[in-house]
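Observations on the model geometry
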Amino acid sequence: MQTQTQTQKKETKVTTGRMTGAEAVIHCLLAEGVDLIYGYPGGAIMPVYDELYKFQDKLHHVLTRHEQGATHAAQGYARSSGKVGVAIATSGPGATNFVTGIADAQIDSTPMVCITGQVGSHLLGSDAFQETDIIGISTPITKWNHQVTKSEDIPEVLAKAFYIARSGRPGPVLIDITKDAQFGELDFEYKKCKGVRSYKPVPETDPKSLVDAAALINSAKKPMIVFGQGVILGEAEEELKNFIEKSGIPSAWTILGLSALPTAHPLNVGMVGMHGNYGPNKLTNECDLLIAIGMRFDDRVTGNLETYAKQAKVIHFEIDPAEINKNVKADVAVMGNVKNTLSDIITKIDTKTYEPWLKEFKDFDTIEYDKVIKEELYPSKEGLSMGEVLRGINQETKGDAIIVSDVGQHQMIACRYAEFTQSKSNVTSGGLGTMGFALPAAIGAKMGAPEREVVAIIGDGGYQMTIQELGTIFQTRVPVKIVVLNNDFLGMVRQWQQLFFDKRYASTEMVNPDFVTIAKGYHIEAKRITKREDLQGAIAEMIASKEPYFLEVCVEKENNVFPMIPTGASVSDIRLS
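A quick note: this is a predicted structure, and the numbers were derived from the prediction, not measured.

**A word on the nonpolar core**
Counting 95 residues, the largest nonpolar core has Leu290 and Ile293 as its most contacted members. In terms of residue count, the dominant contributor to this core is helix H15 (residues 355-377) (seven residues). Of the residues that make up this core, three or more belong to each of domain 2 (207-361) and domain 3 (382-554). In contact with Leu290, not counting residues within four places along its chain, are Met224, Val226, Phe297, Tyr308, Ala309, Ala312, Lys313, Val314 and Ile315. In this structure, Tyr38, Ala87, Ile102 and Ala519 belong to the second largest nonpolar core, which totals 49 residues.

**Let's talk about the side chain of Arg452**
Locating Arg452 in the fold gives a position in the loop between helix H18 (438-448) and strand S17 (454-459). One buried charge, Arg452, has no salt-bridge partner; the nearest side chain with opposite charge is Glu451, at 5.4 Å. A distance of 2.7 Å separates the side chain of Arg452 from the side chain of Ser425, its partner in a polar contact. With residues near it in sequence (within four places) discarded, Arg452 still touches Asp400, Ala401, Ile402, Gln422, Ser423, Lys424, Ser425 and Lys446.

**Digging into the environment of Trp496**
Structurally, Trp496 can be placed in helix H21 (residues 491-500). When the C-alpha positions of Trp496 and Glu204 are compared, they lie 44 Å apart, and in sequence the two are 292 residues distant. Not counting chain neighbours up to four residues away, the residues in contact with Trp496 comprise Met274, Phe501, Met564 and Thr567.

**A closer look at unusual backbone geometry**
Cis geometry is adopted by the peptide bond preceding Pro563, which originates at Phe562 and carries an omega value of 0°. Looking at the secondary structure, you find Pro563 in the segment after strand S20 (549-554). Even without being a glycine, Ser259 presents a positive backbone phi close to 90°. For Ser259, the location among the structural elements is in the loop between strand S10 (251-253) and strand S11 (268-271). Even without a glycine there, the phi angle at His523 is positive, about 60°. The class of His523 is exposed, set by a relative accessible area of 54%.

**Thoughts on the state of the cysteines**
Enumeration according to the criterion identifies zero disulfides in this entry. Not part of a disulfide, Cys28 finds its nearest cysteine sulfur in Cys193, a span of 12 Å. A relative accessible area of 0% places Cys28 in the buried class.

**Observations regarding the packing of aromatic side chains**
For any pair of aromatic rings, the description rests on two quantities: the centre-to-centre distance and the angle between the ring planes. Per the counting criterion, the structure on display carries 10 aromatic pairs. With a centroid separation of 6.0 Å and 85° between ring planes, the pair formed by Tyr163 and Tyr199 is classed as edge-to-face. Remark: Tyr199 occurs in the loop between strand S8 (185-188) and helix H9 (207-219) and Tyr163 occurs in helix H7 (residues 154-166); sequence separation between them is 36 residues. On the basis of an interplanar angle of 65° and a centroid distance of 5.4 Å, the ring pair of Trp496 and Phe500 is categorised as edge-to-face. Of this pair, Trp496 and Phe500 both sit in helix H21, separated by four residues, roughly a single helical turn. The exposure class of Phe500 is partly exposed, given its relative accessible area of 33%. Cluster of aromatic residues (ring-pair linked, three or more members): Tyr463, Phe515 and Phe550. Above the ring of Phe489, the side-chain terminus of Arg494 is found at 5.7 Å from the ring centroid.

**Regarding the sheet that holds strand S19 (residues 525-529)**
Pairing in this open sheet of six strands is parallel, and the strands run S16-S15-S17-S18-S20-S19 from one edge to the other. Unpaired on one side and paired on the other, strand S16 (426-428) and S19 mark the two borders of the sheet. The mean inter-strand angle of the sheet, taken between neighbouring strand axes irrespective of direction, is 15°. As paired strands, strand S15 (residues 402-405) and S17 are joined by four bridges and run parallel to one another. Paired with Ser405 across the strands is Ile457, a residue of S17. The sheet strands contacting helix H23 (residues 532-544) are S17, strand S18 (481-486), S19 and S20, and the helix crosses S20 at an angle near 160°.

**Side note on the packing of helix H16 (residues 386-397) against H23**
Their axes nearest at 9 Å, the elements H16 and H23 cross at an angle of 40°. Our classification of the angle between H16 and H23 gives oblique. The way H16 lies across H23 gives a crossing that is right-handed. Within the contact between the two elements, H16 uses Glu388, Val389, Gly392, Ile393, Gln395, Glu396 and Thr397 and H23 uses Arg532, Leu535, Gln536, Ile539, Ala540 and Ile543. The class makeup of the residues in the contact of H16 with H23 is six nonpolar, four polar and three charged.

**Considering the domain arrangement of the protein chain**
Partitioning the protein chain into structural domains gives domain 1 (17-188), domain 2 (207-361) and domain 3 (382-554). Each of domain 2 and domain 3 was reduced to a C-alpha centroid, and the two centroids are 31 Å apart. Taken residue by residue, the interface counts 16 residues in domain 2 and 18 residues in domain 3. For the pair domain 2 and domain 3, the summed buried area comes to about 1,400 Å², and 60% of that belongs to carbon and sulfur atoms. When the area that domain 2 buries against domain 3 is broken down by residue, the three leading residues are Ile255, Ser259 and His275, summing to 38%. On inspection of domain 2 and its partner domain 3, the count reaches seven residue pairs in polar contact (both at pLDDT 80 or more).

The rules behind these values
- Residues numbered from 1 in each chain as written.
- Predicted model: local features only at pLDDT ≥ 70, side-chain atom pairs only at ≥ 80, totals over all residues.
- Heavy atoms only, no water.
- Core = buried A, V, L, I, M, F, W, Y, C linked by side-chain atoms within 4.5 Å.
- Buried < 20%, exposed > 50% of the residue type's maximum accessible area, 1.4 Å probe, protein only.
- Helix = DSSP H or I, 4+ residues; strand = E, 2+ residues; numbered from the N terminus.
- Domains from an automatic or database assignment.
- Contact = heavy atoms within 4.5 Å.
- Lys, Arg positive; Asp, Glu negative; His and termini not counted.
- Salt bridge = Lys/Arg side-chain N within 4 Å of Asp/Glu carboxyl O.
- Polar contact = N/O pair within 3.5 Å; in protein donor to acceptor, adjacent residues only side chain to side chain.
- Disulfide = S-S within 2.5 Å.
- Phe/Tyr/Trp six-rings, centres within 6.5 Å; stacked < 30°, edge-to-face > 60°.
- Lys NZ or Arg CZ within 6 Å of the ring centre and 35° of its normal.
- Pairing = 2+ DSSP bridges.
- Axes fitted to C-alpha atoms, helices over the stretch in contact; angles between N-to-C directions.
- Parallel < 35°, antiparallel > 145°, perpendicular 65-115°, else oblique.
- Left-handed = near helix turned anticlockwise from the far one by under 90°.
- Nonpolar A, V, L, I, M, F, W, Y, C, P; charged D, E, K, R; others polar.
- Buried area = accessible area lost by both parts, 1.4 Å probe.

Spelled out as structure tokens, the structure:
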């Protein structure tokens, strides 16, 4: 049997000659090196699916159970492999079901090409069956989109789509192809796009900015680095590590920057943001130099902008000019791909250590461990905690797994406590916060990195938003490991209701089905854990399995995630309880 997680195939020879637009779509994908797509067929995209049937040996299609699942799977594939994810669907509801995944990819800078079918061009604007203006709908949430009404335009448009999706700051592109363009014929010739007029994906680096940044770095007494996903997208992990080690600067990460630097690195001081670590949040407002690398100063990171790092000089390493001074004013903006700019600046900075400054982070770590972490990882209560589940997973995977988390309390716990030894190991929905992301994204992540263990960490609420993708796992037998941390609540909303709405738990308590029976209905091995003495054995069994595996862990119903920065508060106001 051909493995469903196989992603590397021999390079396909580019075809030329007379063919239909639908066949041209397939040859464009092959020419771009695509060998795996996610989708769901329907009337307006049926000509493409008919051609896809003829190329099953070269282009593997994964039938998801919902179009949203196709986009999240394509995201997971892109995030774990570094390639462009591809999703395909029909018009109308098929296309609109793509919207959440596209919006998620846009805000998290995930390279993705989405192809939708459309009614015939003569029917456009007539409210024909399953006609929806997906171009108008998706314009605010795509890096670029385009509607193709003539078959001869397909090669050029798709070449441009892949170029735009993967270049510079990556993002999703949507191409809508009318049915007559799929049936029409053209003389096919494919040329990869190497540039688009007026689009400059990587801005030039001003040499003076490097000199000015180096001067600030060399003179700083209490510098601090915050790095984000731009490091991973720019494949600059080694450059970041070299920069950190030479400069000696304590370095914190955003949620999407997690795993760019090994968790155990001595200068890795933890996560910033609403549920980040105590030290890096507190000391953001005490550092004299804040170096932002490939991150965008999201509100979950900064808290109240009026009080954010006002005492510090700010250096911003960034590829997207739109992010400079958008939220936080930069004293020095270093434009370009951080892989290059970090390499360029490292020769200009001094080799230093900041032991007294680093000790301040460690002192805060001790406070946080005593007041929060110890009880989360080694709880004294009878009930299971989410943190001890992550501790058990770390023990079995040795930090080598890809952790795909959904959105909620379990996501914050996973990001806080998962240990990583290599990059592209943390796959989660950052900017959009999409519940239901993890299950389909884990499918894509495993197919994008079949040699790695992939563990999905999901809450009981988000799990049920895309639970139908168990059918995709059943059909493909992709060996993802699914852990549902079940507290019978929409946990994060319940936490806010407890803390800020006098425990009025409005519409947050869940009456859940028998998750184990459901998983077994899809012929997925499944187990439910309620006692601590059974936990580690179940995790070990799950990780050792070569097949898909579902593990439900019933955790304390009303545990909260701390530390926490209340909305609108300063990062200095981070709470430990």
